[in-house]
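# Structural features, examined
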Number of protein chains: 2
Amino acid sequence: MKIGILGGGQLARMVIEECSRYGFEFHILSKEKNSPAGLLTSYETVGDWNDEKCLKEFSHNCDIITLENEFIDFRKIRCIEDSETAIYPGSEILMLVQDKFYQKETLKKLGIPVTNFVPIDSMEDIIKFAEINKYPVILKSRTMGYDGKGNYEIKSEPEAKNGYETLRQRGNLMCERFVKFDKEIATQVARNKNGEIKIYPVVETIQKEHICNLVIFSKNMFENIKDKVHEIASEIVTNLNYIGVMGIEMFLNGEEILVNELAPRVHNSGHYTIEGCYTSQFENHVRSILNFPLGNTEAREENSVMINILGRRNGKARITGMKEILSCGNAFLHIYGKQETREGRKMGHITVNDKDLQRAIDTAKECRDKIEM
Amino acid sequence: MKIGILGGGQLARMVIEECSRYGFEFHILSKEKNSPAGLLTSYETVGDWNDEKCLKEFSHNCDIITLENEFIDFRKIRCIEDSETAIYPGSEILMLVQDKFYQKETLKKLGIPVTNFVPIDSMEDIIKFAEINKYPVILKSRTMGYDGKGNYEIKSEPEAKNGYETLRQRGNLMCERFVKFDKEIATQVARNKNGEIKIYPVVETIQKEHICNLVIFSKNMFENIKDKVHEIASEIVTNLNYIGVMGIEMFLNGEEILVNELAPRVHNSGHYTIEGCYTSQFENHVRSILNFPLGNTEAREENSVMINILGRRNGKARITGMKEILSCGNAFLHIYGKQETREGRKMGHITVNDKDLQRAIDTAKECRDKIEM
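Residues numbered from 1 in each chain as written. Chains lettered and ligands numbered in written order. Predicted model: local features only at pLDDT ≥ 70, side-chain atom pairs only at ≥ 80, totals over all residues. Heavy atoms only, no water.

Attention now moves to the packing of aromatic side chains. Residues and elements named next belong to chain A. Going through the model one piece at a time under the given rule, you end up with ten aromatic pairs over all chains. Note on F24 and F26: the rings are 6.3 Å apart at their centroids and 80 degrees apart in plane angle, and the pair reads as edge-to-face. The rings of Y22, F24 and F26 are connected pair by pair, giving a single aromatic cluster. (Phe/Tyr/Trp six-rings, centres within 6.5 Å; stacked < 30°, edge-to-face > 60°.)

Listed below in C-alpha cells is the structure:
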C-alpha cells in the first residue's frame, strides 16, 4: 500500500512513525529535501503541491493521498480527484476549511454552536457588528490564518480602522464576537469510509502567544460535557461526510461549548494520544482513509500532559539535555528532526503520563526546560 | 546523532521504528536496495559489509555504528574500530560469538552453566565424545550456523560418519551433549557504557522446524528461576564488557538452566517487548550504545504472546487479512516490508496482550492464520 502525504512536517512524520509497523510505503511530497517526514522514508519527492503537474506525478505513484496541511489550494486538489487516486480529505472539505467564514457558516447551518460572525467588506461593517455584539470584536482574515496570524482584536471604534487597514491586505475578512471562556478545549475524531466513528477524549489546550503550548488530558475532567462534545464531533464528521481524523477546537464557558475551528488533519492537541491512548490519532487517521476498522480511542492513562518544544533561537538545531529526560520513566520525548531551529518553531514535544495531574504538568514543564535545541 | 546499522533487515527496521521519535538519523548499510530498514530512512547505502572500503566509507558518515547481524566477519569490524567511529558490539564480541566453540568455552570459563562440548577434528572424536556423553549428540558447525542450519543430530555410531561428512564442508566442527529440556527459554539484557544493566523478563520460546515460532511472556511464569537467569545475564554482559542488547537462549530442565547461545543484538525472543514492556529491546539497544540511561524493562502486561509470520510460498509479497487483525484490539501486527516472500522467511510478527494466557495464545494463532502474504 503506497500512501502519499502532501507535506513533510512533524504531522506526516508521526503518521509514518505510528504506522510503519504495518509495512505501508509512505511517499512524501515536501517543499524541501530531508523534511521531518522525508527522513523516515526512501520516497521523498521535493516539489510544490500548488504545482498541478507535480501533484499529478506524485499522486500517480500512490494508491491513496492524504495531507498534513490544510492550506493546499482546494482547486489543485481537484486535479488529483479527477485522476484515479483517492484523496482524503478532498477538495470540498478543504474549500470549507480554508475560508473561515464559509467554515463557520456551514457549522451554523448544521446546528453546531458557534459565536456570532459576519463577513466584512468595509470598516463600517466592523463598527456595525460591534454595535450589536459589543467591543471587543475579533477581525479575522478568512483565509490563511493560523497560530493567531491574521487575527486582530478590536477593542474600540478607533481601532477598527487600523485593524481593517492591516488585515485587508491579506484578503477577505470576517468579524467575530469575542468569546469569553473558562477554558479552550479540543478533541479529535476519526471516521472511516464505512461511517465508523471513534472520538478521542476531551482535552484542555493552553495557548501561549496563540500557539498551542500545553495539552492536558485528565480522566473525568470533562465528564460533564463529554456527551455534548461527542455529539458535536459526530454531527460534524457525519454531515460533512468526512474521512480521516479531524481536530476540533472549542471554547468552554461553564457548560456552554462553542466550536472555534476545524482542522481537517491530525492535530497538535492529539499528540498525547501516542502514549496516552490505546490507538494514536496518527494511526487512526491512516485506518480511516484506508477504510480499516478504527482502533480504540480511549485513554490508557489517568493523566497525560503534552508540552510543545518550541525553538528559542534561530540557527542550526543542536539537541542537548536528552539524557535527563530519558531517565524520567514517564516522560516521552519526540524530536521532529528539523535541521534548523527558529524562535517559536515547533521542534518537538514531550508527553508525560502520571497518576497525579499536577505532578504530570510539573514534570512536563521541567523536562521542557531541560532540553535545548 | 547519526547512527549507522550494518544490515537492513527487520531488526534494524524495528530499531528505527522504536527510536525515530528521538530524531536520530539512521544510516543503513544493506546488500540490497529498499531493505526493510532502508525503507524507513533517506540514508540507505547499498554495499557489502565484508568489503572494507565500503565499511570505512559508510562508517565515516556516522557517529556510531551497530549491527543487526552477527555474521559480519569480526576482522572487518576492526577497520571501523581503527577509525574514529565507535562500534557496538565490537570485533572481540563478534569473534567470540561467531565461533560457537569459543563462545561456549568462554561461558564455561565464566562459570556459566552450559552443556558438555568438545571441538571435533575427526569422526573418531565424535564417537569418543558420544561414548562418554551417550547418544544422541549434536554435531555443529562452529561458524555460520543459525535457525538449525549447521546442526546434525547423531543418534548412533553409524550416523557419525554421515554427520561428519555432511557438516565438515561448512568448516570447523564441535560436538555437544544432547540436552533434555522441559522448555526453551530466553531473555534479553541491556548494558550501557556506564555499566548500567537492565534485564527483560524470562520468556518461553517455542521453535518450529528450528525457527522461533511462538514467544510467551506470562507474569509469574518463571518466578522461581528469575533471579538465577538475571544472575547469569548480568555475569555474561559484565564479564564480556558488553554494550548493547544481547539475546540469551537457554534450556530449562526442572530448575536447571543451561545457556545455549548468545545473540549480540536484539533478538526475535524480544519482539514482544514493543507492546509488552515499558521500553522495547530496540529502544534500549540504542540507549545502551549511546550511553543513555536505560528504560524500564518490566512487563506492562500480564501476558504477551508473539507469533512469527513466516512466508508460505515463494514470490512477490501481497498482504491480505489485515482488516481482521486490526479489528482485534489487543493484537499488534508488524509487517517488515519485504518485497519478496519465501517459504519460512520471516515476513512479520503479531503480538497479543491478554489477561488470559491461553486466550492470548489462541488469538495469536488465529490472527496468524488470517494473514496472507
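That was the structure; now back to the text.
The next thing to look at is the interface of chain B and chain A. With 29 residues of chain B in contact, the opposing surface of chain A contributes 29 residues. Together, the buried faces of chain B and chain A total about 2,900 Å²; carbon and sulfur atoms form 53% of this surface. Summed over the shared surface of chain B and chain A, the result is two salt bridges. Two residues, R300(A) and E301(B), come together in a salt bridge whose shortest N-O distance is 3.7 Å. At the junction of chain B and chain A, the tally comes to 20 residue pairs in polar contact (both at pLDDT 80 or more). (Contact = heavy atoms within 4.5 Å. Buried area = accessible area lost by both parts, 1.4 Å probe. Salt bridge = Lys/Arg side-chain N within 4 Å of Asp/Glu carboxyl O. Polar contact = N/O pair within 3.5 Å; in protein donor to acceptor, adjacent residues only side chain to side chain.)

Before going further, it helps to examine empty space enclosed by the protein. Inspection of every chain in the model, using the stated rule, returns seven cavities of 30 Å³ or more. Quantified by volume, the largest cavity comes out at close to 70 Å³. If you go around the largest cavity, the residues you meet are E70(B), F71(B), V97(B), Q98(B), K100(B), Q103(B), R142(B), M144(B), G145(B), E261(B) and L262(B). Elements that contribute at least two residues to the lining of the largest cavity include exactly α4 (91-98), α5 (100-109) and β15 (256-263) of chain B. Its residues assigned to classes, the lining of the largest cavity shows four nonpolar, three polar and four charged. Taken as a whole, the second largest cavity spans an internal volume of roughly 60 Å³. Surrounding the second largest cavity, I16(A), G23(A), F24(A), E25(A), F26(A), L40(A), T41(A), R13(B), L39(B) and L40(B) form its lining. (1 Å grid on protein atoms, 1.4 Å probe; cavity = no way out; pocket = protein on both sides within 12 Å on 5 of 7 lines; lining within 4 Å. Points joined across faces, edges and corners; volume = space filled by probe spheres on them. Helix = DSSP H or I, 4+ residues; strand = E, 2+ residues; numbered from the N terminus. Nonpolar A, V, L, I, M, F, W, Y, C, P; charged D, E, K, R; others polar.)

All names here are of chain A. Taken in spatial order, the four strands line up as β6-β9-β7-β8 in an open sheet, and their pairing is antiparallel. Sheet topology places β6 (117-120) and β8 (151-154) at the edges, where each strand pairs with a single neighbour. Adjacent strand axes in the sheet meet at a mean angle of 25 degrees when their direction is disregarded. Sheet analysis places strand β7 (residues 137-141) next to β8, joined by four bridges and oriented antiparallel. Each residue of the ladder has a partner; that of K140, found in β8, is N151. In the packing of helix α5 (residues 100-109) onto the sheet, contacts are made with β6, β7, β8 and β9 (173-177), and the angle to β6 comes to roughly 150 degrees. Packing against the sheet, helix α7 (residues 157-167) makes contact with β6, β7, β8 and β9, and its axis sits at approximately 170 degrees to β8. (Pairing = 2+ DSSP bridges. Axes fitted to C-alpha atoms, helices over the stretch in contact; angles between N-to-C directions.)

So, on to the environment of K2(B). Residue and element names in this part refer to chain B. Along the chain, K2 turns up in strand β1 (residues 2-6). Residue K2 is classed as partly exposed on the basis of its relative accessible area, which comes to 32%. C-alpha of K2 to C-alpha of E25: the two residues are 23 residues apart in sequence and 4.7 Å apart in space. Residues in contact with K2, not counting those within four places in the same chain, are E25, H27, N61, C62, D63 and I64. (Buried < 20%, exposed > 50% of the residue type's maximum accessible area, 1.4 Å probe, protein only.)

Quick look at the relation of the copies chain B and chain A now. Structural alignment of chain B on chain A gives an RMSD of 0.0 Å, achieved by rotating through 180 degrees and translating 0.0 Å along the axis. Such a combination of rotation and displacement between the chain copies is what one expects of a two-fold axis. Taken together, the interface assignments show that 100% of the residues at the interface of chain B recur at the interface of chain A, consistent with an identical surface on both copies. (Least-squares fit on C-alpha atoms with pLDDT ≥ 70 in both.)

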